[in-house]
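Examining the three-dimensional arrangement
The primary structure of each chain is shown beneath.
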Amino acid sequence: MGGVPEYWLMGGVIALNSGAENGFKQEVDRVVDLLGEDEAWLAWWRGISEAPVLEVQLLVLKAEHTLSPDSDERVRRGRKRHVVRMHVDFDRLEPLEPDERRLFALPAVLDGITRMAESLEAVGETPAVPYDVRPAPLSVGTVRRRRLRELQGQPNAQLPRHWVLAEGDPVPRERDCGDGSVAHSGGEEAVIVEIHVPLSGEGGILPGEAGYEFGWIDDVEEFLDDESSDGSFEIYDEGEEYGDTYVFFITGAGEDALLSTAVAVAALPGVPAGAFAVITDEESEEIGTGRRVALGGREALLAAWRAEEERVREGWDFSHLAGRVDAEDPPWDFETACRTALRGARHVLDMGTGGGERLLALADALPADVVATEGWEPNLPVATERLAVRGIPVVQYDADTDETMPFEDGRFDLVMNRHEVLDPAEVYRVLAPGGVFLTQQVGGDDFAEAHEIFGGTAAYLDLTLAYATQSLTAAGFVIDECDEWRGSMAFRDIGALTYYFKLVPWDVPDDFGVDRYAETLLRLHESVPVTFTQTRFWVRAVKPV
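Quantities reported herein were computed from a predicted structural model and do not represent experimental measurements.

Things to note about the overall build of the chain
Counting its regular elements, the chain contains 18 helices and 17 strands. A fraction of 71% describes how many contacts in the chain between residues 6 or more apart in sequence connect residues 24 or more apart. Accessible surface computed for the chain: about 26400 Å², of which carbon and sulfur atoms make up 49%.

Next comes the structure, spelled out in structure tokens:
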């Protein structure tokens, strides 16, 4: 759509970005389940269509852009599937806090369903909205900050209206907090982690009042709101003063994951030193009853790092490391080079597409004929699902194990390769005369410090710019442009490093893990940030006519 910020989701899973919008995506995913699992909605769908598939696509667009006039054409004409496209105003979504954004999901879905039903000339009302897909209420922290902005005369971003429950929907169970208030509970006993932060000075002063000294309380609440918006954990109860500490309550995940969040809270700027966690559950009658864990201690650190190690990953998505890694960039922009080459390309191959992230970032510049390959088994289903929304097939191919690529001679006029193993002769074969090959590669001595720290040797030590250009020239290519670079990547915390090594396992020994390398990681923790050397090079080569 020509430079318009786009975020596409199918079933609430596929997206071109991540970060602050995660709460919105999570809510879309939950609401979209309504279309495939709720019996009332399934019966309604079967009554208006014989199509076996309902494809849901979401666009978040700038206000000055609108959907094209033919945006619902496939709804009218499709026989095998129907498409529902929903439009959310980016300018309304952007100023909202993460857990406010999710309130837009249900209106967007229902608006798309309404337009689809009108296109199919369906009659009758759509079913009521079940409780379990109703927008979750705003967190205490967000309500508090919205009220503070009102008191200070600052504007609050407008929220959509709430949707009512269907008749007969269950009401969540509540527990008595002992002070006349109640807190919701999911019905199953779960681990609760209390995060105790020491108070210094006089407490009990509300935000906005003169002498309010604990601005970090708002910072922590905002951090917990943001981090919990992707559903990885829940805020169990409103924070409160307890003795000489202020206590935050989190639940909805395993002990390691909750301790990981507690460790992150203790590391936030401005949070007083000496924070600790108490691991408890709903049966505890008093605050502070349970196992106490120092958040700077061995147990909490290892638990946090194990949680990073076990975190679900999809494709080459490094967004989870935002703000935790300081990485220098090469002087060239490989995406810009690809966009330039795409202007005249008609048949394109993307080698080693990962999870399809980089190719989707180029979506507005791609021609109709695009094919991707991926050789790493965990990425293959991710890329296949993500790229299906653009009609891009993903073919399994690994130059290390497969002798030839499954394409005929001269099939493509542009081949893009970012950090993927390649056979120069095979790339030359599938390129048409005059075709262009673009590649950016990780140098063989990349992250050399990791091998010094953890042991092992680099897998591709001979991979240098000189070796690559020599190999490409020997295959018949003419080198048009190339460059190489060395820079740094510094990790601010060991959890980030652990997560990174699970995405890039070839930089560490095969047996790498938090428990096996605990002592080494604890020593590194004492000297964060931990800095490694990056090496990169890129080549633009042409197959002679």
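So that's the structure; there's more coming.
Brief notes about the nonpolar core
Within the largest apolar cluster, 55 residues are counted, with the highest numbers of intra-cluster contacts made by Ile 195, Trp 216, Phe 248, Trp 305 and Phe 501. Of all the elements, helix α17 (residues 494-503) adds the most residues to this core, at seven residues. Apart from the residues within four sequence positions on either side, Phe 501 is in contact with Phe 447, Ala 450, Phe 454, Asp 507, Val 508, Phe 512 and Phe 532. Within the second largest apolar cluster, 25 residues are counted, among which are Leu 342, Val 348, Leu 359 and Val 370.

Concerning the packing of helix α10 (residues 298-310) against α17
For any two helices packed against each other, the geometry is given by the interaxial angle and the distance between the axes. Here α10 crosses α17 at 25 degrees, and the two axes come no closer than 8 Å. Taken together, the axis directions place α10 and α17 in an arrangement best described as roughly parallel. Relative to α17, α10 is oriented so that their crossing is right-handed. From α10, Trp 305, Glu 308 and Glu 309 reach across to α17, where they touch Ile 494, Gly 495, Thr 498, Tyr 499 and Lys 502.

Points about the sheet that holds strand β5 (residues 191-198)
Across the sheet, five strands lie side by side as β6-β7-β5-β8-β9; this open sheet has antiparallel pairing. Lying at the two open borders of the sheet, with one neighbouring strand each, are β6 (234-242) and β9 (291-294). With direction set aside, neighbouring strand axes in the sheet form an average angle of 20 degrees. Two strands pair when backbone bridges link them, and β6 and strand β7 (residues 245-251) are joined in this way by six bridges, in the antiparallel orientation. Following the sheet pairing, Tyr 242 is matched in β7 by Thr 245.

Regarding the sheet that holds strand β14 (residues 412-418)
Pairing in this open sheet of eight strands is mixed, and the strands run β10-β16-β17-β15-β14-β11-β12-β13 from one edge to the other. Two strands close off the open sheet at either side, each with one partner strand: β10 (325-327) and β13 (394-396). With strand direction ignored, the average angle separating the axes of adjacent strands in the sheet is 20 degrees. In terms of strand pairing, strand β15 (residues 431-442) meets strand β17 (residues 530-542) through seven bridges, oriented antiparallel. Bridge pairing in β17 places Val 436 opposite Val 542.

Description of the side chain of Thr 498
Structurally, Thr 498 is set in helix α17. For Thr 498, a relative accessible area of 1% corresponds to the buried category. Excluding its chain neighbours within four sequence positions, the residues that come into contact with Thr 498 are Trp 305, Glu 309, Val 514 and Leu 521.

A short note on the pairing of strand β11 (residues 347-351)
Among the five residues of β11, four are classified as buried, and the element is accordingly described as predominantly covered. As paired elements, β11 and strand β12 (residues 369-374) share four bridges and run parallel to each other. The residue bridging Leu 349 from the neighbouring strand is Val 371, located in β12. One ladder, built from four bridges, connects β11 with β14; its direction is parallel. Paired with Val 348 across the bridge in β14 is Leu 414.

A look at the pairing of β5
In the case of a regular strand, side chains alternate between the two sheet surfaces. Within β5, six of the eight residues are buried, which leaves it mostly tucked inside the rest of the structure. Relative to strand β8 (residues 276-281), β5 runs antiparallel, the two being bridged by six bridges. Within the sheet, the bridge partner assigned to Val 191 lies in β8 and is Asp 281. Here β5 pairs with β7 via seven bridges, running antiparallel. Pairing of Ile 192 across the sheet is with Thr 251, part of β7.

Some words on the packing of aromatic side chains
A full pass over the atoms with the stated rule returns 19 aromatic pairs. A ring pair is formed by Phe 447 and Tyr 500, whose centres lie 5.2 Å apart and whose planes are at 20 degrees; its orientation type is stacked. Here Tyr 500 lies in helix α17 and Phe 447 lies in the loop between β15 and α15 (448-454), a separation of 53 residues in the sequence. Feature note: the residues Phe 318, Phe 447, Phe 454, Phe 491, Tyr 500, Phe 501, Phe 512, Tyr 517 and Phe 532 constitute an aromatic cluster, connected by ring pairs. Positioned above the aromatic ring of Phe 276 is the side chain of Arg 292, whose terminal nitrogen or guanidinium carbon lies 3.5 Å from the ring centre.

Regarding the environment of Val 293
For Val 293, the location among the structural elements is in strand β9. Spatially, the C-alpha atom of Val 293 lies 8.9 Å from that of Leu 259, the residues being 34 residues apart in sequence. Excluding residues within four positions of it along the chain, Val 293 makes contact with Leu 259, Phe 276, Ala 277, Ile 279, Glu 299 and Ala 300.

Topic: the packing of helix α8 (residues 215-228) against helix α9 (residues 255-266)
Where α8 contacts α9, the axes come no closer than 10 Å and their chain directions differ by 145 degrees. Here α8 runs over α9; the crossing is right-handed. For the pair α8 and α9, contact is made by Val 220, Phe 223 and Leu 224 and by Thr 261, Ala 264 and Val 265, respectively. Looking at the contact of α8 with α9 residue by residue, the class counts come to five nonpolar, one polar and no charged.

A few points about the environment of Gly 124
Secondary-structure assignment places Gly 124 in the loop between α6 (105-119) and α7 (140-151). Given a relative accessible area of 67%, Gly 124 falls into the exposed group. Along the backbone, Gly 124 and Trp 44 are 80 residues apart, and their C-alpha atoms lie at a distance of 9.4 Å.

A short note on the pattern of salt bridges
Going through the model one piece at a time under the given rule, you end up with 20 salt bridges. Taking the shortest distance from any N to any O, the salt bridge between Arg 306 and Asp 256 comes out at 3.1 Å. Linking Arg 306 in helix α10 with Asp 256 in helix α9, this pair joins segments that are 50 residues apart in sequence. For the pair Arg 306 and Asp 256, a shared accessibility class is recorded, and that class is buried. Of the charged contacts, one joins Asp 515 and Arg 306 as a salt bridge, the two residues approaching to 2.9 Å between their closest N and O atoms. Pair noted here: Asp 515 is in the loop between α17 and α18 (518-525) and Arg 306 is in helix α10, with a separation of 209 residues, a long-range link. Judged by its relative accessible area of 54%, Asp 515 falls in the exposed class. In this structure, a network of salt bridges that share partners links the residues Glu 308, Arg 311, Arg 324 and Asp 493.

About the thresholds
Residues numbered from 1 in each chain as written. Predicted model: local features only at pLDDT ≥ 70, side-chain atom pairs only at ≥ 80, totals over all residues. Heavy atoms only, no water. Helix = DSSP H or I, 4+ residues; strand = E, 2+ residues; numbered from the N terminus. Contact = heavy atoms within 4.5 Å. Areas by Shrake-Rupley, 256 points an atom, 1.4 Å probe, with all protein chains shown as cover. Core = buried A, V, L, I, M, F, W, Y, C linked by side-chain atoms within 4.5 Å. Buried < 20%, exposed > 50% of the residue type's maximum accessible area, 1.4 Å probe, protein only. Axes fitted to C-alpha atoms, helices over the stretch in contact; angles between N-to-C directions. Parallel < 35°, antiparallel > 145°, perpendicular 65-115°, else oblique. Left-handed = near helix turned anticlockwise from the far one by under 90°. Pairing = 2+ DSSP bridges. Phe/Tyr/Trp six-rings, centres within 6.5 Å; stacked < 30°, edge-to-face > 60°. Lys NZ or Arg CZ within 6 Å of the ring centre and 35° of its normal. Nonpolar A, V, L, I, M, F, W, Y, C, P; charged D, E, K, R; others polar. Salt bridge = Lys/Arg side-chain N within 4 Å of Asp/Glu carboxyl O.

No statement about biological role is implied by the geometric values presented.
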